2 protein chains.
Amino acid sequence: MHDPGDPGLVPEPASTQVPGGSVLLPNGARVATDPALRPAARWWRRVTEEAFGIDLVPTALPVDAAGPAPHGLTDPAGPAPEGTADVTFVLATGLLTGGYRIEARAAASGSGTGVGGAPGTVRVEAADLAGAHAAAQTLRQLAGPAAFRRASAAYRGAGDAGMVELPAVRIEDHPRFEWRGVLLDVARHFLPKHDVLRFIDLAAAHRLNVLQLHLTDDQGWRVQVHRYPELTRTGAWRRESTVGTWRTGSRDGRPHGGFYAQDDLREIVAYARDRGITVVPEIDVPGHVEAAVAAYPELGTRKDRSGVRTTWGISQDVLDPSEGSLAFFRHVLDEVLDVFDAPWIGLGGDEVPTTLWRESPHIVERARALGLSGPDGAPDVAQLHGWFVARLAQHVSDAGRRAVVWDEAVSPILPRDVIVTSWRGYAQGAAALAAGYDVVMAPEQAVYLDHRAGEHPAEPIPVGFLRTVEDVYSFEPLPASLSADYLGQHASTPQVAGNRQEPGRLLGAQAQVWTEHLDNARRIDYATFPRLAAFAEVAWSPRADREPGSPASKEFLDRLERHHLPRLDAYGVEYRPLGGPHPWQTRPGVEGYPRDLAAETAVGGWAGLGGWREDGGVENLPTDAPGPERASEQTPEDDA
Amino acid sequence: MHDPGDPGLVPEPASTQVPGGSVLLPNGARVATDPALRPAARWWRRVTEEAFGIDLVPTALPVDAAGPAPHGLTDPAGPAPEGTADVTFVLATGLLTGGYRIEARAAASGSGTGVGGAPGTVRVEAADLAGAHAAAQTLRQLAGPAAFRRASAAYRGAGDAGMVELPAVRIEDHPRFEWRGVLLDVARHFLPKHDVLRFIDLAAAHRLNVLQLHLTDDQGWRVQVHRYPELTRTGAWRRESTVGTWRTGSRDGRPHGGFYAQDDLREIVAYARDRGITVVPEIDVPGHVEAAVAAYPELGTRKDRSGVRTTWGISQDVLDPSEGSLAFFRHVLDEVLDVFDAPWIGLGGDEVPTTLWRESPHIVERARALGLSGPDGAPDVAQLHGWFVARLAQHVSDAGRRAVVWDEAVSPILPRDVIVTSWRGYAQGAAALAAGYDVVMAPEQAVYLDHRAGEHPAEPIPVGFLRTVEDVYSFEPLPASLSADYLGQHASTPQVAGNRQEPGRLLGAQAQVWTEHLDNARRIDYATFPRLAAFAEVAWSPRADREPGSPASKEFLDRLERHHLPRLDAYGVEYRPLGGPHPWQTRPGVEGYPRDLAAETAVGGWAGLGGWREDGGVENLPTDAPGPERASEQTPEDDA
């Protein structure tokens, strides 16, 4: 049985008081909700009904529910008056965006302060629907690990219903960042819809609010497009996959594929919305397009028909940045815009080798015709990268949405309403902020959850940087020293919409789950958890010193182990045990490609060394520099 | 949009009338339920709320709800009177066990007959909770494919809730068999808890009511046992797995494992119970025990420490039938009996090679000491098989439950309360019936869903008999000719408990999903569906001539394609397309082991040729007999 006196919430709320005692919600408890908050209350009702085997009854909101004076205050120990709900969700003013208050008052408690509510009841005040969703997740955590099950493991006789016990608490809470994201790569390995829904559940359980769905890449095209059926008929599967780093050339000989019908994606979007999560679709251009080119070879620079890519690593086979390609992807985006209602649409824009463009006279000519030239006046095909992304970003903008791009896609002509996701390092994000872009910090040095989580000798397919759960917990989206360099005193100035002269806003942070080496939901569980819990606390909770070994870090690890891992166990998350993998989670003999963070940082600084580099990357660095062979041919998305 | 006028239910109810029109259930619709039926109504409310984005409000049962006279009958076109529920679940007499009636009356309908209910309302009458669960599943099917999603794919503006539309129908329905089972093998490949829950959802959606969970086998032990922690520490994982038939010796080099904590199993049991499904745990003895022997070598005949088995096929390494082994498994069963509340507990008992017993003097001596001797008076170790199972069956019986065993375990000393599952063929089941045992028919010739579903050249890892969806649909649990042979006119006589002199009862049928070649949930989807839908109709619906090509078979295929596959699509089931696998569902280069049903039947008749045979099996048959090499060393559980 969990200890209701010690909630151990993750992420930790801004303020929590536990006056003692508890609230019991029996079968038939009444839940009243402001209509604006209904999806959050409905979700909480449903998971609680399921986990505890009880009925929770939606009821009308008492007339004075929104007022500060609780029912029954004059008779604190008595039952709530007839007609009062046991749980109430109301809108309230005076809360920060996305914030909420919870007061769960013990039945015997006499003093209600702040939020109010009768003894033995729970009152949730939310700034908005997002706040109510966050509050609902906190309520579930308060009910203990059993609340994370889908049926009650405590058997009861027929007619003997369960009971929900919550600790008496007063919580006041709000998120630090408005974009608390996680990227899920369903392109490298297709994840069936029900597993995506489960991933959404888990993201929501950690009060994350953005899921970036990486829907297309060299190795697979996962979104149905009615106008271009070959995208899924040909592009949704590959003959086999590389096992481990591409450097060994090891293949599994097993076809892999799958795609989401548009109604599946609509369901995913609605399911996420019901949990306070916005799904941001990503259609990656003009690189990472081999699957699309396999379906429609005329999109490619080479125009030849090849299969969907079966290896990892950066592909040279990028789009021909033609009017035809632009029109094609505008049509694709039109369907994407119809399916996804998010205000943000991802266009990729990472890792675009220009080698083939340089070798194609018609593309050199196109750069010249478009006036894209270098300082010497000669056509500069490299600028076609930014040009192509900017054109599609404008299309997204014309549709009333904002494009989201990886940091390489920033160029002087990129519309200023585009959101830049900084993955190669921190410096690119800081520079984008200084240039007036809103930025999401997602540096591979810190929050790539496919990177190895430990130095255990049996760590499965160890790639990328060593990122323990403590390391992820120490992530700071914009380190102060860097912030000073790039932003000066304007760093936190609220941004005026329109034609910006001011720095952009730091919207938040995003963890990435790339799946080259995560070939099923179990492997995704292992890589993602519990590190995503650490990330979520960074993204939600007030800023703090969380360096490994700090008091905050130690407290988090203790809270994780005593309170949160039991929740993940109850949910059935196959997370990485803190001590290293279970034997069946290992992948003996499969080579990864570990990188050395300290060494790369020593050379690359805040900007890192990732991504495709025209100069050949770290190969051309002094020989005493860290030397992962041909780092420029890695897939910086997975560093393998 | 689905056509509410043509419900196309699967399994088909005993009687369906569609008078025309439809019932609309809006946001806030009231659901009244007899307390005895609450779990079924709660489940239906929850899935409907989720799929359509509405609140359904549990409300008190009207005083006269159980009576035949509906509210508002005098004003058929008017609204339901204040206080009347929109949907009512009540108990009713005059229905067969597990049966139900549904009357959904169109808002403008004037004539209510039989079940009753006001116009624009839905009235469910159930014989019992099982009937209510079946009715709830039928109600979901009536709402169309969208009801199988976990969120509404039809976006609506804020505050604009959805609406459920049901066709006006009168359904009267009851199951043909009381045991409508499906076996899921989580031993050969561990299936994470959430995937097991999803499998339960799908079984329930087809009105099946028994899930036999095959928890232990040579290749893995999946159930936590507190007293014997090595069972999961050592027995829950293996170093690698065989790919395809064991005959090629191909291995994947990838560790595989996992197990269910007892609370996970309790949750699974409760989740299934909430959907009308009983979970029957199976602990397989005295064969199929290599994982347990790897954990506790003293259990084995050889007493040596070997690893968990990495190949398929029948293992020689069976239990030492000692008092120590008996005590061990009694302790295991005590924990199993505590976790699972099913009236039935599986003990396996299939495929027990006696070779090592014959070679072990202490075991020969044991047979002698127990008085197990052949006609010549010499000790007969083969009888230890039946003896061992009988002893544990008695232990289960002493705990107030009934053991379930595979047909090889029948012996003269097997307690008569044991349920026999007939897998090697039909004859074994018929013989067990004649001997007084209750029987579940599960012949590998008909309802092994891991067997190949088609002759498509790209069929993934084709093993076993060719069983198309039409073949499965033609399954008759006890063919009439055989029934006459074994049962005579007593076949359907209700059985008197206690010391039986009468034939046993044919409880029903069970489909098997063995997972040697189904290494994840996607592969399980492919093998299981849509054939499980065909099986479910056989197990539920009235007996009919369903031979391939018959009118009933054609009608079913049409109904499946037009009405039921869209439901499975909406749910996200990756079923086998009727025309053959998607490219990514193939396994090129992985060898299966197809068997020839006609040839084996020609030799083996109703009894088949499966299972371990002391005589060496089909090897010793005349050479013109069908000759799969060493059929006696196959794993008859998967025939690969």
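Residues numbered from 1 in each chain as written. Chains lettered and ligands numbered in written order. Predicted model: local features only at pLDDT ≥ 70, side-chain atom pairs only at ≥ 80, totals over all residues. Heavy atoms only, no water.

Considerations on the overall build of chain A
We count it as follows: Runs of E in the DSSP output that reach at least two residues are strands. Runs of H or I that reach at least four are helices, and both are numbered from the N terminus. Classification of residues uses two cut-offs on accessible area relative to the type maximum, computed with a 1.4 Å probe and protein chains only: under 20% is buried, over 50% is exposed, and between them is partly exposed. Working rule for contacts: check all heavy atoms of both residues, and any pair within 4.5 Å makes them a contact. For the accessible areas, the method is Shrake-Rupley and the probe is 1.4 Å, while residue cover comes only from the protein chains on display.
Within chain A, the secondary structure is distributed over 17 helices and 23 strands. By the burial criterion, 64% of the 640 residues in chain A qualify as buried. Put simply, of all contacts in chain A between residues at least 6 apart along the chain, 76% involve residues at least 24 apart. For chain A, the exposed area adds up to about 21200 Å²; of that, 52% sits on carbon and sulfur atoms.

Section: the interface of chain A and chain B
Note the cut-off: Salt bridge, as used here: a side-chain nitrogen of Lys or Arg that lies within 4 Å of a carboxyl oxygen of Asp or Glu. Throughout this description, a polar contact denotes any pair of N or O atoms lying within 3.5 Å of each other; where both atoms belong to protein, one of them has to be capable of donating a hydrogen while the other can accept it, and for residues adjacent in sequence the pair is counted only when both atoms sit in side chains. Ten residues, namely Ala, Val, Leu, Ile, Met, Phe, Trp, Tyr, Cys and Pro, are considered nonpolar, four, namely Asp, Glu, Lys and Arg, are considered charged, and the remaining ones, Gly among them, are considered polar.
Listed as interface residues are 64 residues of chain A and, on the opposing side, 62 residues of chain B. Counting the contacts that link chain A with chain B gives 18 salt bridges. A salt bridge links B:Glu49 to A:Arg45, with the nearest nitrogen and oxygen atoms 3.4 Å apart. Counting across the chain A and chain B interface gives 30 residue pairs in polar contact (both at pLDDT 80 or more). At the level of secondary structure, the elements contributing two or more residues to the side of chain A that touches chain B comprise helix H1 (38-52), strand E4 (57-59), helix H3 (193-205), strand E15 (256-257), helix H5 (262-273), helix H7 (323-339), helix H14 (521-528) and helix H16 (551-571) of chain A. Broken down by element, the side of chain A that touches chain B gets its largest block of residues, nine residues, from H5(A). Partitioned by chemical class, the residues of the side of chain A that touches chain B number 24 nonpolar, 11 polar and 29 charged.

Comments concerning empty space enclosed by the protein
Empty space among the atoms becomes visible once a probe the size of a water molecule is rolled across them. Going by this rule: Here the term cavity refers to a set of points on a 1 Å grid, laid over the protein atoms alone, in which a 1.4 Å probe fits but cannot get out; the term pocket refers to an open set having protein on both sides within 12 Å along at least five of seven lines, with lining residues being those that place an atom within 4 Å of a point. Grid points are joined across faces, edges and corners, and a volume is the space filled by probe spheres set on the points.
For the coordinates displayed, the defined rule picks out 10 cavities of 30 Å³ or more. Roughly 600 Å³ of internal volume is contained in the largest cavity. For the largest cavity, the lining is made up of 38 residues, of which A:Glu50, A:Arg150, B:Glu50, B:Arg150 and B:Tyr271 are closest to its centre. Contributing elements (two or more residues each) for the lining of the largest cavity: H1, H3 and H5 of chain A together with helix H1 (38-52), helix H3 (193-205) and helix H16 (551-571) of chain B. With six residues, the single largest contributor to the lining of the largest cavity is H3(B). A per-class count over the lining of the largest cavity returns 16 nonpolar, two polar and 20 charged.

Points about the packing of H3(B) against helix H5 (residues 262-273) of chain B
All names here are of chain B. For clarity, the cut-off: What counts as an axis is a line fitted to C-alpha atoms, over the stretch in contact for a helix, and the angles between N-to-C directions run from 0 to 180 degrees. Angles are sorted into four bins: roughly parallel if under 35 degrees, roughly antiparallel if over 145, roughly perpendicular if 65 to 115, and oblique for all others. Handedness of a helix crossing follows the sense of rotation of the near helix relative to the far helix, less than a right angle counterclockwise being left-handed and clockwise being right-handed.
It is at 10 Å that the axes of H3 and H5 come closest, and there the two elements cross at 15°. In terms of orientation, H3 lies roughly parallel with respect to H5. Seen from above, H3 lies across H5 with right-handed handedness. Taken together, the residues of H5 that come into contact with H3 (itself represented by Lys 193, Val 196, Leu 197, Ile 200 and Asp 201) are Asp 264, Glu 267, Ile 268, Tyr 271 and Ala 272. Considered class by class, the residues forming the contact of H3 with H5 number six nonpolar, no polar and four charged.

Some points on H16(B)
Short version of the rule: A helix is expected to span 1.5 Å for every residue after the first. Throughout, bend refers to the angle between the axes fitted to the seven residues that end at a position and the seven residues that start at it.
Under the 1.5 Å per step criterion, the end-to-end length of H16(B) is 29 Å for 21 residues, consistent within 8% with the ideal 30 Å. Its maximal kink placed at B:Leu560, H16(B) deviates by approximately 45°. Taken as a whole, H16(B) has its buried residues at B:Ser553, B:Phe556, B:Arg559, B:Leu560, B:His563, B:His564, B:Leu565, B:Arg567, B:Leu568, B:Ala570 and B:Tyr571. Packed against the buried residues of H16(B) are H3 and H5 of chain A together with helix H2 (129-142), H3, helix H12 (469-473) and helix H15 (531-540) of chain B.

What to know about the confidence of the model for chain A
Residues and elements named next belong to chain A. What counts, and what does not: Every residue carries a pLDDT, the predictor's confidence in it, which falls somewhere between 0 and 100.
Averaged over all residues, the pLDDT of chain A is 90; the fraction at 70 or higher stands at 87%. Across residues 488-500, confidence stays below pLDDT 50; counting only partners more than four residues off in sequence or on other chains, it has 15 contacts. Confidence drops under a pLDDT of 50 for residues 618-640, and excluding neighbours within four residues, the segment shows 80 contacts in the predicted structure. Predicted complex, confidence summary: ipTM 0.93, pTM 0.93.

Quick notes on the pattern of salt bridges
Tallied over the entire structure, the rule returns 96 salt bridges over all chains. Between A:Glu230 and A:Arg233 there is a salt bridge whose closest N-O contact spans 2.7 Å. Taken together, the residues span about one helical turn, with A:Glu230 and A:Arg233 both in helix H4 (residues 230-233) at a distance of three residues. In this structure A:Glu230 comes out as partly exposed when scored by relative accessible area, which is 22%. One salt bridge connects B:Asp201 with B:Arg275, and the closest N-O pair in it is separated by 2.8 Å. Of this pair, B:Asp201 sits in helix H3 while B:Arg275 sits in the loop between H5 and strand E16 (278-285), and the two are 74 residues apart along the sequence. There is no split in this pair, since B:Asp201 and B:Arg275 are both buried. Each of A:Arg38, A:Arg42, A:Arg45, A:Arg46, B:Glu49 and B:Asp55 takes part in one network of salt bridges that share partners.

Observations regarding the sheet that holds strand E10 (residues 179-185) of chain B
Residues and elements named next belong to chain B. Worth spelling out the cut-off: Two strands form a pair only when DSSP identifies at least two bridges running between them.
Taken together, the eight strands give a closed barrel; going around it, the order is E10-E11-E16-E17-E18-E19-E20-E22, and neighbouring strands pair in parallel fashion. Pairs of neighbouring strands in the sheet enclose a mean axial angle of 30°, with direction left out of account. Taken together, the two bridges between E16 and strand E17 (residues 344-348) define a ladder with parallel strand orientation. Opposite Val 285, over in E17, you have Gly 348 as the bridge partner. Running at roughly 155° to E10, H3 makes contact with E10, strand E11 (210-214) and strand E22 (506-513) of the sheet. Contacts from helix H10 (residues 383-398) reach E16, E17 and strand E18 (402-406) within the one sheet, and its direction differs from that of E17 by about 165°.

Brief notes about the environment of A:Gly20
All names here are of chain A. By the secondary structure assignment, Gly 20 is in the loop between strand E1 (15-17) and strand E2 (22-26). It is 7.0 Å that separates the C-alpha atoms of Gly 20 and Pro 167, two residues lying 147 residues apart in sequence. Gly 20 has contacts with Ala 106 and Ala 168, leaving out every residue within four places of it along the chain.

Considerations on the packing of aromatic side chains
All names here are of chain A. Our working rule: Put simply, two rings from Phe, Tyr or Trp (the six-membered ring, in Trp's case) pair if the centres are within 6.5 Å, and we call them stacked under 30 degrees between planes, edge-to-face over 60, tilted for the rest.
Applying the stated criterion across every chain yields a total of 34 aromatic pairs over all chains. For the pair Tyr 228 and Phe 328, a centre-to-centre distance of 3.8 Å together with 25° between the ring planes defines the contact as stacked. Residue Tyr 228 is found in the loop between strand E13 (220-221) and H4, and its partner Phe 328 is found in helix H7; the two are separated by 100 residues along the sequence. Assigned by exposure class, Tyr 228 and Phe 328 land together as buried. By way of ring pairs, the aromatic residues Trp 221, Tyr 228, Tyr 296, Phe 328 and Phe 329 are connected into one cluster.

Details of the packing of helix H7 (residues 323-339) of chain B against H10(B)
All names here are of chain B. Where H7 contacts H10, the two axes come as close as 10 Å, and the packing angle between them is 35°. At the point where H7 passes H10, the crossing takes the right-handed sense. For the pair H7 and H10, contact is made by Glu 323, Ser 325, Leu 326, Phe 329, Arg 330, Leu 333 and Asp 334 and by Trp 387, Phe 388, Arg 391, Leu 392, His 395 and Val 396, respectively.

Things to note about the pairing of strand E6 (residues 100-104) of chain B
Residue and element names in this part refer to chain B. The element E6 is largely enclosed, with a buried count of five among its five residues. Side chains Tyr 100, Ile 102 and Ala 104 project from E6 onto one buried face, and the interleaved Arg 101 and Glu 103 project onto a second face that is buried too. Across five bridges, E6 lies against strand E7 (residues 122-126) in antiparallel orientation. Looking at E7, one finds that Arg 101 is bridged to Glu 125. Both E6 and strand E9 (residues 169-173) contribute to a ladder of five bridges, which runs antiparallel.

Some remarks on the sheet that holds strand E4 (residues 57-59) of chain B
All names here are of chain B. Spatially, seven strands are ordered E1-E9-E6-E7-E5-E3-E4 in an open sheet, and the strand pairing comes out mixed. Two strands lie at the open edges of the sheet, namely strand E1 (15-17) and E4, each paired on one side alone. Strand-to-strand, the axes of this sheet are offset by a mean angle of 15°, without reference to chain direction. With three bridges connecting them, strand E3 (residues 30-33) and strand E5 (residues 87-91) associate as parallel partners. The partner of Val 31 across the bridge, within E5, is Val 87.

Considering unusual backbone geometry
Here the residue pair A:Phe529 and A:Pro530 is connected by a cis peptide bond, since its omega of 5° sits within 30 degrees of zero. Here A:Pro530 lies in the loop between H14 and helix H15 (531-540). The peptide bond linking B:Val285 to B:Pro286 adopts the cis configuration, its omega dihedral lying at -10°. A positive phi is found at A:His288, a non-glycine position, where the angle reads about 55°. Its relative accessible area of 3% is what places A:His288 among the buried residues.

Overview of the relation of the copies chain A and chain B
What counts, and what does not: Fitting of the copies onto one another was done by least squares over C-alpha atoms, counting residues only where both copies have pLDDT of at least 70.
Rotating chain A by 180° and moving it 0.0 Å along the rotation axis overlays it on chain B with an RMSD of 0.0 Å. Taken together, the turn and the small shift mark the pair as related by a two-fold rotation axis. By residue overlap, the copies meet face to face through one surface: 97% of the interface positions of chain A are interface positions in chain B.

Regarding the pairing of E3(B)
Residue and element names in this part refer to chain B. Cut-off, in case you're wondering: We call a crossover right-handed when, viewed with the strands running away from us, the connection from the first strand over the helix to the second turns clockwise.
Note that E3 and E4 share three bridges and pair parallel. Counted as the bridge partner of Val 31 is Pro 58 from E4. Note that the unit made of E3, H1 and E4 has a crossover that is right-handed.

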